[in-house]
Every structure is written in C-alpha cells, then in structure tokens.
Amino acid sequence: MAGFSVGEDDFEVDGRPVRLLSGALHYFRVHEEQWGHRLAMLRAMGLNCVETYVPWNLHEPRPGDLRDVGALGRFLDAAHEAGLWAIVRPGPYICAEWENGGLPHWLTGPLGSRVRTRDAEFLAAVDRWFRVLLPQVVERQFDRGGPVIMVQVENEYGSYGSDQVYLGHLADGLRGLGVTAPLFTSDGPDDHMLTGGSVPGVLATANFGSNARGAFEALRRHRPKGPLMCMEFWCGWFDHWGADHVVRDAEDAAGALREILECGASVNLYMAHGGTNFGGWAGANRAGQLHGGVLQPDVTSYDYDAPIDEHGRPTEKFWRFREVFARYADGPLPEVPAQPAALAGPVSAELASHTPLDVVLDALGSAEGTYAVPPSFEDLDVDRGLVRYGVDVPGPRRPYPLRAAGLRDRAVVYVDGVRAGILTEEEPVLAEPVAGPARVELWVESLGRVNYGPRTGEPKGVTGGLLHERQYLHGVRARALRLDAFDDAEAVRALPSAEPAAGGTGLYRGVFEVSGAGDAELELPGWTRGFVWVNGFCLGRYWSQGPQLSLYVPGPVLREGRNEVWVLETEGAGEPRVRLS
Ligand code: GLA
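Per chain, residue numbering runs from 1 following the sequence as it is written. Selection of residues for local features in this predicted model requires a pLDDT of at least 70, selection of side-chain atom pairs for listing and counting requires 80 or more, and totals for whole chains, interfaces and linings are taken over all residues. Excluded from the side-chain calculations are hydrogens and water; all other atoms, namely the structure's heavy atoms, are used.

### So, the nonpolar core
Part 1 of the argument: Formed by 95 residues in total, the largest nonpolar core has its most connected members in F122, F233, L269, F321 and F325.
Part 2 of the argument: Note on conventions: DSSP H or I runs of at least 4 residues are helices, E runs of at least 2 residues are strands, and numbering of each starts at the N terminus. Residue contributions to this core peak at 10 residues, all from helix α5 (residues 120-138). What makes a nonpolar core is a set of buried Ala, Val, Leu, Ile, Met, Phe, Trp, Tyr and Cys residues whose side-chain atoms join them at distances within 4.5 Å. For every residue, the accessible area obtained with a 1.4 Å probe (protein chains only) is divided by the maximum for its type, and the residue is called buried under 20%, exposed over 50%, and partly exposed between those limits.

### Here we look at the packing of helix α9 (residues 250-262) against helix α10 (residues 316-326)
Part 1 of the argument: Between N-to-C directions, angles span 0 to 180 degrees; the directions come from axes that are lines fitted to C-alpha atoms, helices contributing only their stretch in contact. Contact geometry for α9 and α10: axes closest at 9 Å, N-to-C directions at 25°. Comparing their axes, α10 and α9 come out roughly parallel. In this structure, α9 crosses over α10, and the sense of that crossing is right-handed. Touching A250, E251, A253, A254, L257, R258 and L261 of α9 are E316, K317, R320, F321, V324 and F325, all from α10.
Part 2 of the argument: In the scheme used here, Gly and all other residues not listed as nonpolar or charged are polar, with Ala, Val, Leu, Ile, Met, Phe, Trp, Tyr, Cys and Pro taken as nonpolar and Asp, Glu, Lys and Arg as charged. In the contact of α9 with α10, the residues fall into 8 nonpolar, no polar and 5 charged. Reported orientations rely on four angle classes, namely roughly parallel under 35 degrees, roughly antiparallel over 145, roughly perpendicular from 65 to 115, and oblique for the rest. Note on convention: near helix rotated counterclockwise from far helix by under a right angle means a left-handed crossing. Clockwise means right-handed. Residues count as neighbours in contact if any of their non-hydrogen atoms are within 4.5 Å of one another.

### What to know about the site of the ligand
Part 1 of the argument: For the ligand, the set of nearby residues contains 14 residues, the closest of which are Y53, A96, E97, E232 and Y304.
Part 2 of the argument: We define a polar contact as two N or O atoms separated by no more than 3.5 Å, with the added condition that, inside protein, one atom must be a possible hydrogen donor and the other a possible acceptor, whereas residues neighbouring each other in sequence contribute only through side-chain atom pairs. Note that an oxygen atom of the ligand is positioned 2.7 Å from one of the side-chain N or O atoms of Y53.
Part 3 of the argument: Take E232: an N or O atom from its side chain is 2.3 Å from an oxygen atom of the ligand.
Part 4 of the argument: Notes on the ligand: free accessible area 300 Å², of which the protein chains cover 95%.
Part 5 of the argument: The class makeup of the residues in the shell around the ligand is 10 nonpolar, 1 polar and 3 charged. When at least one non-hydrogen atom of a residue lies within 4 Å of a molecule or strand, that residue is treated as near it. With residues, only the protein chains shown are counted as cover, and all accessible areas are computed by Shrake-Rupley using a 1.4 Å probe.

### Some details on the side chain of T205
Part 1 of the argument: Here T205 shows up in strand β9 (residues 203-208).
Part 2 of the argument: A polar side-chain atom of T205 sits 2.8 Å from the main-chain carbonyl oxygen of T185.

### Considerations on the packing of helix α8 (residues 212-222) against α9
Part 1 of the argument: Two elements in contact, α8 and α9, have axes whose closest approach is 9 Å; the angle formed by their N-to-C orientations is 40°. As far as their axial angle goes, α9 and α8 are oblique. Counted together, A212, R213 and F216 of α8 and E259, I260 and E262 of α9 form the full contact between these two elements.
Part 2 of the argument: Class assignment for the residues of the contact of α8 with α9 results in 3 nonpolar, no polar and 3 charged.

### Some details on the sheet that holds strand β26 (residues 520-523)
Strands pair in a sheet through their backbones, by hydrogen bonds, and they do so in one of two ways: parallel or antiparallel.
Part 1 of the argument: Spatially, the 4 strands line up as an open sheet ordered β14-β31-β26-β29, and their pairing is antiparallel. Sheet topology places β14 (347-350) and β29 (551-553) at the edges, where each strand pairs with a single neighbour. For this sheet the average axis-to-axis angle between neighbouring strands, irrespective of direction, equals 30°.
Part 2 of the argument: For two strands to be treated as a pair, DSSP must find at least two bridges joining them. Across 2 bridges, the pairing between β26 and strand β31 (residues 577-580) is antiparallel. Residue pairing across strands places L522 opposite L580, the latter belonging to β31.

### Digging into the layout of surface pockets
Part 1 of the argument: The computed volume of the largest pocket comes to approximately 760 Å³.
Part 2 of the argument: Site definitions follow a grid-based scheme: protein atoms alone, a 1 Å grid, a 1.4 Å probe that fits but cannot get out for cavities, and for pockets an open set with protein on both sides within 12 Å along at least five of seven lines, plus lining residues having an atom within 4 Å of a point. As for the largest pocket, its lining consists of 26 residues, of which F28, L58, F278, W281 and F537 are closest to the centre.
Part 3 of the argument: Mapped by element, the contributors of at least two residues to the lining of the largest pocket are α2 (56-59), α3 (70-81) and β28 (537-543).
Part 4 of the argument: A per-class count over the lining of the largest pocket returns 14 nonpolar, 4 polar and 8 charged.
Part 5 of the argument: Grid points are joined across faces, edges and corners, and a volume is the space filled by probe spheres set on the points. Quantified by volume, the second largest pocket comes out at close to 470 Å³.
Part 6 of the argument: Its residues assigned to classes, the lining of the second largest pocket shows 13 nonpolar, 6 polar and 6 charged.

### Points about the sheet that holds strand β1 (residues 4-6)
Part 1 of the argument: Taken together, the 3 strands give an open sheet; going across it, the order is β1-β2-β3, and neighbouring strands pair in antiparallel fashion. Where the open sheet ends on each side, the last strands, each with one partner, are β1 and β3 (16-18). Sheet twist, expressed as the mean angle between neighbouring strand axes with direction ignored, is 40°.

### Things to note about the packing of aromatic side chains
Part 1 of the argument: We call Phe, Tyr and Trp rings a pair once their centres come within 6.5 Å, taking the six-membered ring for Trp, and we label the pair stacked below 30 degrees between planes, edge-to-face above 60, and tilted otherwise. All told, the structure shown has 30 aromatic pairs when counted by the stated rule.
Part 2 of the argument: Judged by centre distance (6.0 Å) and plane angle (90°), the rings of W56 and W106 are edge-to-face. Of the two residues, W56 is situated in helix α2 and W106 in helix α4 (residues 105-111); the sequence distance between them amounts to 50 residues.
Part 3 of the argument: A relative accessible area of 15% places W106 in the buried class.
Part 4 of the argument: A network of ring pairs unites the aromatic residues Y53, W234, W237, F238, Y270, Y302 and Y304 as a single cluster.
Part 5 of the argument: Positioned above the aromatic ring of Y302 is the side chain of R29, whose terminal nitrogen or guanidinium carbon lies 3.7 Å from the ring centre.
Part 6 of the argument: A ring has a charge above it when a Lys NZ or an Arg CZ is no more than 6 Å from the ring centre and no more than 35 degrees off the ring normal. Directly above the aromatic system of Y160 lies the positively charged group of R116, at a separation of 4.2 Å from the ring centroid.

### Thoughts on the pairing of β14
Part 1 of the argument: Where burial is concerned, the two faces of β14 differ: the one with V347 and A349 is buried and the one with S348 and E350 is not.
Part 2 of the argument: When β14 meets β31, the two strands line up antiparallel, connected through 4 bridges. Bridging across to β31, V347 finds its partner in L580.

### So, the environment of A265
Part 1 of the argument: Note that A265 resides in the loop between α9 and β11 (266-273).
Part 2 of the argument: Take A265: its relative accessible area is 0%, and that puts it in the buried class.

### What about the UniProt feature "active site" (unreviewed entry) in the protein chain?
Part 1 of the argument: In the UniProt entry, the feature "active site" (unreviewed entry) is given for E156 and E232. What stands out for the annotated residues spanning 77 residues is how close their C-alpha atoms remain, the widest pair being 10.3 Å apart.
Part 2 of the argument: Residue position: E156 is located in the loop between β7 (148-152) and α6 (164-176).
Part 3 of the argument: Here E156 is in contact with R116, S186, D187, G188, N207, E232, W234 and Y452, once residues within four sequence places are set aside. UniProt positions are given in the numbering used here, feature names are shortened, and annotations may be inferred rather than shown by experiment.

### Here we look at the side chain of N100
Part 1 of the argument: Position of N100 among the secondary structure elements: in the loop between β6 (85-89) and α4.
Part 2 of the argument: A relative accessible area of 0% places N100 in the buried class.
Part 3 of the argument: Not counting residues within four places of it along the chain, the set of residues in contact with N100 comprises N57, H105, T108, R449, V450, N451, T456 and G457.

Below is the structure:
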C-alpha cells in the first residue's frame, strides 16, 4: 500500500516495514526560536519521528478567542525540515501535566463531569474547535507530502471513562475533517483501561515505563494483530511543588527502552525533551489511589529528567539512548548539534519600583461585583490568576472561627487590612477567631487545575462558601486578576509605583543590562511565591518551597542591552533584586 499505513504486523511506508522511533516534544513548552535546535537533537539521538499534543485552552482562552493556532503548523513544518515524521495528539483532552488537561475552563466550569462524554454541548464545542485546528494537521499529512503519519483519538481515555459513543464521535469527526493518516488510541496496559479507551477498528497502543513484555502481552489480549507501540515510554517523570525532585536512572531507562525494541515494537519517548510550563500553565494532580487526595500542583520546569534537558543539553540518558537507537538506524546517526549559547556572565537586576497588589488589581483586574455567595474562578472567567474576595462579618459579635469552605487552592487573608494568615484546602480555618464587625479580604490563587483522574476540571476559588461560626457570610465582593492581563505591557508600564519594601506583596519591576545574551536561570532568593516576566515573556511560577529553585530563561527572550523584569509576589517578597546566571 502506498503511503504510511498500519499493516498486519508493522507500520509500513509504501508497503515496507518501518519502526517508529519517536520522541515527545511539545511545541508549546519550547521557545519557537529553539524548535530547530531541539528537533535536531531528537534526530541526533536516533529518532525518526516527533510527537506533540495540542493544548486547546492555550489556543482558545475564551470561547471563539483563537490564539496562534498556526503555531502547530509551523512546528510540523519545522519537524519536516528536520527530517522527522510527526505524530499529533490533538486531544481535546491531553493530560500532560498541563492546566486542566488542556480543556478550557469555560467548558469545565459550566459542564462539570459532562466533559469527555457524549454530552451534546461538549461535542458541539469540540467539533467547533477541531474545525479550526485540524486543517493545520490535514494539509501536512504524509499522503500530501507532509510529516504527519498518525493522529491520536482522545488521550488515555480508559483511565477516565467508558463512553464509546464519545470516542466514536471523535474518530468519525477526525475522518470527516479530512484525516486520512491512521488513527490510534493510547492507554495503560490494563484490561479495564484498554476496554474503556480503545475504539473498534482503530490501532490501540500502550503507555508504560517498564516491563514491556508484560505490557505488550496485555495489549495482545485485546489486539491479536497489528504493530506494537509504546506510545508513552516514561523515561523520566515530573515534579510537584513541595515534593522531592524525581529522577530516573539512565541505565535503568536504557534497559527498559532496549526491552521495548527487542519486542519488535515502536516507541515514543515521553519526554524526549520536556521544556517548560511557561505562562503559569502547569497543571496539578490529586494524590491517592483513586486521585481524590491532596492537591499536588506541578512545578514550572517540565525538564522531566528527559534525555535532552530543559536547556536543550544532552544528558547521560541521551548518550545511553543514542547507543540503543544506533543499532536500529539505517546509517550513521547525525552529529549532535552545538549547544545554544549561555548567558555570558551573571547579572543582578534591581527591582526599583513597587506597586501594591490592590493597585495592580485596580488597573489590570476586572470590575468588582457583589455576589450572594463566592463566585468560582470559572464564574469570573479566570483560567490562571488571582481573585480577591471580600466579605463583611456583621457585628457586634464575639470572636468565632472564620472558614473558607471548599477553598482551592490557597488564600492570603487580611482582617481589617491586617495580614491574618494563610488558608489552604487542608487548613481552611483562620488560626485566630474573628470578632465582628470586621472586613475580611482573601487573595485566592489557583495553583493549577487538575489534569488527571476523576477530579480533572474541578473549579477553583472559594467553592463551598465563607463561614463565620456555622453561619454563611453572604454578599461577597469579588474581583479577578487574570495572568494574561500582563500581556498588555503598556498597561503594566503605566502602573503607578513607589519604593519597594521587603516582605510585601505586589508587582516589583526593574531593568537590567545584558551583553552576551543566552540561556540563563533566574533566581529570587528570599522571595516566596509568584510569577516572573522578562521582556513581557512569562517564565512561570516560582515558589520557595521547591524542589525547583530557579526558572529557565530561554536565550531568545533576552536582548543585548536593556531588559525589563517584572515579579508578581503574592505572599512575601525578599530583597528587591533578581539574579540571572
Ligand atoms: C499519561 C498521560 C501523559 C502524561 C503522563 C505522565 O501517560 O497520557 O499526558 O500526563 O501520563 O507524565
């Protein structure tokens, strides 16, 4: 058969068997000017294919407000130029340690658990989005001279649901939009996952980190024929704030990779190069067997302990994998490309100007509304950002505990203008009881929406009410500060400012000079939690609890000469300077 196809035993190109040696690289986690370098690194490791997800919520932050959908096409063109085939996983749900698993908050808010099902409203929204997105893929398919060889239906759907009508609708929809490349599903190698997530007549693949033989046996119970593929070989792993940094030994990973290839299977490394959750788009997990436990927000780095690290450098794992792949290559592997330049020397930037959070909110936030009960972030149309809730405790009355029921995720609380403590989901009650009358303010921050498991898409904010003793406090003021308000650099520059004070919250701004721009790490010693922008590019969240203690600054973000840095501190600033090195 001409073109790329799924044969009885193998993938085939023009009827000739081929093995897919693929690696995940998410275009939205790598600065566009670095795509070429990273793709060349994949080739040099011995890969012949790149795989990417597509995050719907990044491209459609509000209904119909489409942002740079062409990025996917440009990335696929770059892959083609690099001599790689491409696998596209368009979702609509992608998991991927990405905010809300890629689903827009404006859908999960109103629809709740009706997302990822046959629900008519959900399907209509997906169909609309796919009509916009899929042309990027369709015109770049292998049979039209492009790199795209396969397209995924949903993502590990069997870990979530059992709605075959939904999966069938997606598969038919992709075909209807012109996808002629083979479709596939990917699921954990468990019977319930494979039966929940596979689609009759569509190639099924398995995701795992070790024991390839066992995994492929499980897959064979469901699919006696067809090429074997590990669609996600977890050669590293991701980190959560407040937990230990996770690593996977290079030799152990290389052994597991060898086993996959010895089974005659194809593989997609998850991740070949992880990159960074720029812009505060990191997602979150919930702990516990059935994923109803404590919130575990993901860090900004998506280094993933991958063979190509966050800076694009080869790690020991890269060299081990290269040895393994070399045995399956048609000829000698391309040379490893030179590394991108690093920043010539350390730089310290003074943050000479400060704007209190209230003033930032006045200028960049939404108008204040008053609501019977606290609105959720979804009600206020906030994907990433903060909401200031305000409520009056009537009086006179004696002191009682004040509680933010169903708090997600974290609140800095002020009583009559004085900092009174920090509330979390686990500790939603203020340490000191509050007497009335009092004016209470809660600055609530989303730490990233859950991207995996039954609680994917749950709302953020104060979701259960504000209570004094057992009494609900009604008449709640709320005002939202979306992170993307900072995309308007002129508005940020126009903010009034004063001398900075250590220990406070708010926006801190400064300028610094660079000569010899290149990749760097940015540190904020003594600061607590917030977001950093360099020249208007949001590097992501920092948080003193680690394990991540510095943020990656892609070289292309820096300029020769004058540069601007903004830090939005939401809990307690340190000395007013940042360090780049
Ligand atoms: C699953 C998902 C991926 C990712 C990995 C863990 O396999 O399909 O999107 O979340 O887990 O990194």
